[in-house]
Each structure stands twice: as structure tokens, then as C-alpha cells.
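# Fold and contact review
Chain by chain, the residues:
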Amino acid sequence: MSAIRVAPLRSAMLCAALLLTAGAGAASAQAARDFTPVTDAMVQDPAPGDWLSWRRTLDGWGFSPLDQVNRDNVGQLRLVWSRALSAGSQQGTPLVYEGVMYMPNPRDVIQAIDAATGDLLWEYRRQRPDDIDEFISPYLSEAKRNIAVYGNLIISTSADDYAYALDAATGQLAWETQILDYRVNPAHQSAGPIIADGKAVSGRGCMPAGGPEACIIVAHDARTGAEVWRTRLIPAPGEAGDDTWGGVPFGERSHVGSWMVPSYDAELNLIYLGTSVTSPAPKFLLGGTEHKYLYHNSTLALDADTGDIAWHYQHLNDHWDLDHPFERLLVDTAVAPDPSAVSWINPNLRPGEVRRVVTGIPGKTGVVYTLDRATGEFLWATPTITQNVITNIDGATGAVSENSELVFTSRGQQVMTCPTYNGGKDWEAGAYSPQTNMMYMPLRNTCARMMVVESSDTLPLELYSLAVRQEIAPGTEMVGAVHAISAETGAIAWKYEQRAATASLFASGGGLVFVGDANGRFKALDDRTGAVLWEVNVGSSLSGFPISYAVDGKQYIVASTGAGNPMSFLALTPELRPSIGNNIFVFALP
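Per chain, residues are indexed from 1 in the order of the written sequence. Totals for whole chains, interfaces and linings use all residues, but because this is a predicted model, local features are given only for residues with pLDDT of at least 70 and pairs of side-chain atoms are given and counted only at 80 or more. Values reported for side chains reflect all heavy atoms of the structure, with hydrogen atoms and water molecules removed beforehand.

### Side note on the sheet that holds strand S43 (residues 583-588)
- DSSP calls a pair of strands paired once it identifies at least 2 bridges connecting them. Only DSSP runs of H or I reaching four residues or more are called helices, and only runs of E reaching two or more are called strands; each is numbered from the N terminus. Strand order in the open sheet made by the 4 strands is S4-S43-S42-S41, with antiparallel pairing throughout. Of all strands in the sheet, those bounded by a partner on one side alone are strand S4 (78-84) and strand S41 (547-551). Ignoring strand direction, the axes of neighbouring strands in this sheet form an average angle of 25°. Comment: axis = line fitted to C-alpha atoms, over the contacting stretch for helices; angle = value between 0 and 180 degrees taken between N-to-C directions.

Here it is as C-alpha cells:
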């Protein structure tokens, strides 16, 4: 399907004087600091002490090369500063550049903070429309998982469906561009953009009321805010994939969003992203269970210049809200899947051949998929945690077979699925270390009893026509886990399991994996063995994305807490009772 190019609804360069009268949320700034503009080369290969993108690099690794904090001394980490964040659903990733931390807070608040001391430099509070909660769920509209930096700008997306940029030195609004009218085509922008060759590329989760035109990936000129292209994730009549909707009228197709953050390969000039389930989820309520409904629950590779879809791979025909929009890891590796460890392997593979792959756990099923990132060719896949929704993947074609016993065919039908709609794996990100050629994934051992119901405002999943009761997976009492998985062989090198649900993590050059959990514990694991080398109780559930950075030669480790997704698992572990508070914590060696 080609990119759909439409003129931006509104794009304006705004000066600082207008900021104070436009009602967009004035920035209160200290004296502006000198700021070295961020280039494409810097975003693609940041300095070791900087964290310039969501997962630090555009390949999605979540890896810091810093090694001042290592296996031998991590036990000496101490808190050096902490700061409260604004109220709301806190899921943010800090960016750090030239000693300044740029932290997205809930409800469209962005702060610039001295990264060594925790002192506030400036704060921007965007004015939110009074009626936003009537069109977009507060939990979704409040969250902001990431922002981007480019040139002298901090770039984000807003609850009311704008892209906008702030002057990085002052916090003043530089430009804003309307993407959608949230009253007509509501979409939640809980994730922000990445920078791909001078373009700010962002996805969103589209509300069913928004119809197919809300389900879009959009690229803006990062310097000016001008829209470059937009690509719809639901095909229209006459477009490739239209027949996969089984005659469902175009206006009734909805909810195939891309609500997490893309990855980007500058050499191939391809953007990689994942998509979500339809609404409703059970396909008998749409056009029938035999149709694929592209491009839901897929990996898409888009041409970064045009937004055209270069290739797609569908991971699951999803009847259970098991979205696949999570991080895509771009790795160059020998590919030699171990038949004793990997369930599904392409028979045409030449074991040991070095391939450019897109890998990781892209969806809630907890299944690792490895694809050729130039072509989308299926290479191998294997489960991690307990799952019963996929019965087979054809190695030669990559075609996925779902468990027919779990496919809904009528209202009131009940099934037991593993994992639950919260994953398995969810938006909390894993990481990849080039030092071990391992991916490290936060997982959950959960299942759910699901029933098809009529939509109702009183049901928690009325978007999907599903009622859900979660359970811990059979055979364990440990909800949380971290798995270390070889990118080459698919073998699991080690597993770390615990009672509390695990959260996002990152890997470091010091041989460490830092991971948080729902019970407020932030830990450092040995990346070779999974042994716990350091642990601290920060009081509230870890909910944002941890990072590491350096200022003046000193390495810092960052964790943040709040009412994010890991808390949803606490009902399964009632003895764990952390507090609820939005805070950022920064640690360093004495």
C-alpha cells in the first residue's frame, strides 16, 4: 500500500512572544545554555555518555556502552538525586545530552533538568483541551513514553493529536502541526517520535471511533514541522490488502494502530514498526475468522522517504488482544538456530550465515521472531513463556497457525489463553547487548480466562468485546521473569524469575542488565548468569524506561516510578503492596 499524502491540517512556526499569549503552555526558563545542534549522524551513533533516542540508538537495542559501573562495583551504587514527576500515567524515557536531561512527564509536560544535580532548568506544560477525556481514555492520553531531539529542538506528540517542538535551550514552543482532529479521528499518542534522516516519525493507537483514517504513521520535517508523508495501516478499497477484510465496509475498519516506537536502519533507509489488534478482537464479529485483516499484528518495513510499505509479516491473526507493536531490535548476526531450542526454523537457512535481521519479542505472546530485515523473510521463531495461542509456524513461508480451539465463534464463549492481554511481553522494553549477542527480555508468566461479550461502558475491555480474568500461568507462582536469549541460536542462556512482575530494562557495557518490577525493586543482574548483583527498593512500581548516561566522566543510572502497566499485575500477588508515586531516581558510584 502506498503512503497516503495529505496536506497537514495545521503547521505554524511560532515565536517566543506568541508563546505567552497562545495558551499552549508557557515555558518557564532559566538563562539559556549554549546548545550544540544534534545531527542525524549523532542520533545514529551517539556519544557513549548520551542517550539521544528512546532506546538510545535507532536500532532499538537499549544498550549503554558505559562501563564505569560494572559487575565488580555495582553493589556500591548510591542515590545521588531524585525528583517528583507530574501526576498521571508515568511511562517516560529521559533523554540526556550535554549534561541536560529532557524528561517527558504525564499530561504533556516536558522538563529540562541538570543531569548531574537534578535542578530544574525549564519546564513546558502544554494546555490540554477540557474535553479530551471525552474522546480518548485518560490513561492513554496522559502517558508519554518518549520524546526526540534533533537540531536544537525537543520533539514530541500531544494528547490532542499534534506534533510539536520546543527550543532545547529555553523550552519555548518552536513549531506545532496538527495530525488529526481528536474529536473526529481520536487517536492516542502515548509514544512519541524517532528521528529518521531528518524526519520525526511517529505512530499512534487509534480509537475505534476514529475509523481507519486515525490509524496512521506520520513523518514530519523535524526542523519545520511540515508533514512529509502519512501511511494508513488499514487498506481501503482498491489498495493491496483490502480483500483481507472480508467485505467489511471501509468506514467500519478500525483500531489497527502502531502505538509504540519504531526502529530505523539508515543503510536500508527502512523504518520498522509493529501494529495492534482490531476492534473488536474476535474476528467472527468482523467479517469472519478466515480473513487476515491486514495490517493488524504485523511487522511493517516502510520506506523512510515516502512511507511506502516495503514488506510486511503478520505474526498472528489475533482474536484475544495480543498486540504486536513492541520494540524491533536491528542486529547483524550469524543465524544458526538450535533445533533443540527453537520451535520453528526456515529449512532454507544456511546455518551460521551472517544476516541483517529484525528480532526480539514483538508481541504479547512472548514468541521470539527473527526476520531478514531487508526482505521480511522468516528465519526462525520460538516461544519463551507459556503460550497456547500459536500451534505452528511454517518454516518455509512463515505462515502462522492459531489454536483453533481458542478461536472465538460466538458470544458468551469462554476460553483459557496463555498469556493474558497484558502479556507475556508488553510495552516494557527488552534490550540487546553486542558484547554477549544476547537479547534480554522482561516477561510475565500469566494466562487469562476470556469471554466474548457485548460492548459495555462498564467492562474494562469494551474496545475488544472481551471480558478477562487474569491468572498466573500453571506450574509456577513467579509472575515476573527476565530471559537471556541468544540472537544467533535462539537458545535461552539463563532465566531469572521472581514473584513481582518485571518492567523495562537496559543492558550496559559493564556486563549488567538493569531491570525494575511492580514491587518497587530496581536491580542489576549479571548479563552472563542472571545473578542479582545489586537491589534497591524505591517504594513504587517501576514504570518508565531506565537508562544510563555520563556527565564529566561520571556514569549515572536512572529509574522512574509511577502508576504504569506493571501495577496491573499486583492483583495476582496481593501480598506485594508498593506505594504509588511518580518519581525519577538517579544513582552513581560514590
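### Quick word on the pattern of salt bridges
- Throughout this description, the term salt bridge denotes a Lys or Arg side-chain nitrogen within 4 Å of a carboxyl oxygen of Asp or Glu. Enumeration according to the criterion identifies 29 salt bridges in this entry.
- The shortest N-O distance in the salt bridge between Asp526 and Arg71 comes to 3.3 Å. On the criterion of sequence distance, the pair formed by Asp526 in strand S39 (residues 521-526) and Arg71 in the loop between strand S3 (63-64) and S4 is long-range, its members being 455 residues apart.
- The partner of Glu377 in a salt bridge is Arg355, with the nearest N and O atoms 2.7 Å apart. Residue Glu377 is found in the loop between strand S26 (368-372) and strand S27 (378-382), and its partner Arg355 is found in strand S25 (residues 353-359); the two are separated by 22 residues along the sequence.
- Only protein chains enter the accessibility calculation, which uses a 1.4 Å probe; a residue is then buried when its area is under 20% of its type maximum, exposed when over 50%, and partly exposed in between. For Glu377, a relative accessible area of 31% gives the class partly exposed.
- Put simply, Arg350, Glu353, Arg355, Asp372 and Glu377 are held in one network by salt bridges that share partners.

### Section: the packing of aromatic side chains
- Each Phe, Tyr or Trp ring (for Trp, its six-membered ring) is paired with any other whose centre lies within 6.5 Å, and the angle between the two planes then decides the class: stacked below 30 degrees, edge-to-face above 60, tilted in between. What the rule picks out here adds up to 21 aromatic pairs.
- A ring pair is formed by Trp54 and Phe545, whose centres lie 5.6 Å apart and whose planes are at 75°; its orientation type is edge-to-face. Remark: Phe545 occurs in the loop between strand S40 (532-537) and S41 and Trp54 occurs in the loop between helix H2 (40-44) and S3; sequence separation between them is 491 residues. In this pair, the class of Trp54 matches that of Phe545, namely buried.
- Both rings, one in Phe135 and one in Tyr182, keep their centres 5.7 Å apart while their planes meet at 80°; by these two values the pair is edge-to-face. Taken together, the residues Phe135 in the loop between strand S8 (120-125) and helix H3 (138-142) and Tyr182 in the loop between strand S12 (173-178) and strand S13 (187-188) connect sequence positions 47 residues apart.
- One aromatic cluster in this structure is built from Trp51, Phe506, Phe514, Phe522, Trp534 and Phe587.

### Brief notes about the side chain of Asn437
- Relative to the helices and strands, Asn437 resides in the loop between strand S31 (431-433) and strand S32 (438-444).
- When its relative accessible area of 17% is taken as the criterion, Asn437 is described as buried.
- In protein, a polar contact means a hydrogen-donor-capable atom and an acceptor-capable atom, both N or O and within 3.5 Å, with residues adjacent in sequence counting only if both atoms are side-chain atoms; elsewhere, any N or O pair within 3.5 Å suffices. Of note is the side chain of Asn437, whose polar atom sits 3.1 Å from the side chain of Thr333.
- Here Asn437 is in contact with Val331, Thr333, Tyr432, Ile485, Ser486, Ala487 and Glu488, once residues within four sequence places are set aside. Any two residues whose heavy atoms approach within 4.5 Å are treated as being in contact.

### Considerations on the side chain of Asp108
- With respect to the helices and strands, the residue Asp108 is situated in the loop between strand S6 (100-105) and strand S7 (109-114).
- The class of Asp108 is buried, set by a relative accessible area of 4%.
- A distance of 3.0 Å separates a polar side-chain atom of Asp108 from the backbone nitrogen of Ala159.
- Sequence-distant contacts of Asp108, defined by excluding residues within four places in its chain, comprise Tyr124, Arg125, Arg126, Arg128, Lys144, Thr157, Ser158, Ala159 and Tyr164.

### Focus on the pairing of strand S23 (residues 329-335)
- A large share of S23 lies buried, amounting to 6 of its 7 residues.
- Bridge count between S23 and S25: 7 bridges; the pairing is antiparallel. Along S25, the bridge assignment pairs Ala334 with Val354.

### What to know about the nonpolar core
- Membership of the largest hydrophobic core comes to 105 residues, with the highest contact counts inside it found for Leu77, Met101, Tyr102, Ile155, Ile271, Phe514 and Tyr549.
- No other element matches the 5 residues that S43 contributes to this core.
- Ignoring anything within four residues of it in the chain, the contact list for Tyr549 reads Gly49, Leu66, Trp81, Val96, Met101, Ala115, Lys554, Gln555, Tyr556, Val558 and Val586. Only buried Ala, Val, Leu, Ile, Met, Phe, Trp, Tyr and Cys residues count toward a nonpolar core, and they belong to the same one when joined by side-chain atoms within 4.5 Å.

### Structural notes on the layout of surface pockets
- By volume, the second largest pocket is sized at about 370 Å³.
- Grid points spaced at 1 Å over the protein atoms alone were grouped into cavities, where a 1.4 Å probe fits but cannot get out, and pockets, open sets with protein on both sides within 12 Å along at least five of seven lines, with lining residues defined by an atom within 4 Å of a point. If you go around the second largest pocket, you meet 18 residues; those closest to its centre are Gln44, Asp59, Trp61, Tyr264 and Leu330.
- Mapped by element, the contributors of at least two residues to the lining of the second largest pocket are strand S19 (263-265) and S23.
- The dominant element in the lining of the second largest pocket, judged by the number of residues it contributes, is S23, at 3 residues.
- As a working rule, the residues Ala, Val, Leu, Ile, Met, Phe, Trp, Tyr, Cys and Pro are called nonpolar, Asp, Glu, Lys and Arg charged, and the rest polar, with Gly in that last group. Classifying every residue of the lining of the second largest pocket gives 9 nonpolar, 2 polar and 7 charged. Grid points are joined across faces, edges and corners, and a volume is the space filled by probe spheres set on the points.

### Concerning the environment of Ser53
- Within the secondary structure, Ser53 sits in the loop between H2 and S3.
- Counting along the chain gives 42 residues from Ser53 to Leu95, while the straight-line C-alpha distance between them is 6.6 Å.

### With respect to empty space enclosed by the protein
- Enumeration over the complete set of coordinates arrives at 3 cavities of 30 Å³ or more.
- Lining the largest cavity we find Thr299, His315, Arg328, Val358, Thr359, Gly360, Pro362, Tyr369 and Leu371.
- Only S25 and S26 provide two or more residues apiece to the lining of the largest cavity.
- A per-class count over the lining of the largest cavity returns 4 nonpolar, 4 polar and 1 charged.

### What to know about the sheet that holds strand S14 (residues 194-196)
- Read across the sheet, 4 strands follow the order S14-S15-S17-S18 without closing on themselves; strand pairing throughout is antiparallel. Pairing within the sheet leaves two strands with one partner each, and these edge strands are S14 and strand S18 (227-232). When strand polarity is set aside, the average angle formed by the axes of neighbouring strands in this sheet is 25°.
- One ladder, built from 4 bridges, connects strand S15 (residues 199-202) with strand S17 (residues 216-221); its direction is antiparallel. The residue bridging Val201 from the neighbouring strand is Ala219, located in S17.

### Considering the state of the cysteines
- When two cysteine sulfur atoms are found within 2.5 Å, that pair is recorded as a disulfide. One pass over the full model with this rule turns up 2 disulfides.
- The disulfide partner of Cys206 is Cys215, and the S-S distance across this bridge is 2.1 Å. Disulfide Cys206-Cys215: the torsion about the S-S bond is 100°, which places it as right-handed.
- Taking the relative accessible area as the measure of exposure, Cys215 reaches 0% and is therefore buried.

### Some details on unusual backbone geometry
- For the peptide bond that leads from Ser279 to Pro280, omega is -5°, which places it in the cis range.
- Backbone geometry places Arg107, a non-glycine residue, at a positive phi of 65°.
- Looking at the element boundaries, Arg107 is found in the loop between S6 and S7.

### As for the confidence of the model for the protein
- Note on scores: pLDDT gives the predictor's confidence for each residue, bounded by 0 and 100. Looking at the protein as a whole, the pLDDT averages 93, with 93% of positions reaching at least 70.
- Summarising per-element confidence for the protein, the mean pLDDT is lowest in helix H1 (residues 16-19) (35) and highest in S41 (99).
- Throughout residues 1-24 the model reports pLDDT below 50, and contacts reaching past four residues in sequence, or to other chains, amount to 63 contacts.
- For residues 457-461, every residue scores under 50 in pLDDT, and the model assigns this stretch 7 contacts once sequence neighbours within four places are set aside.

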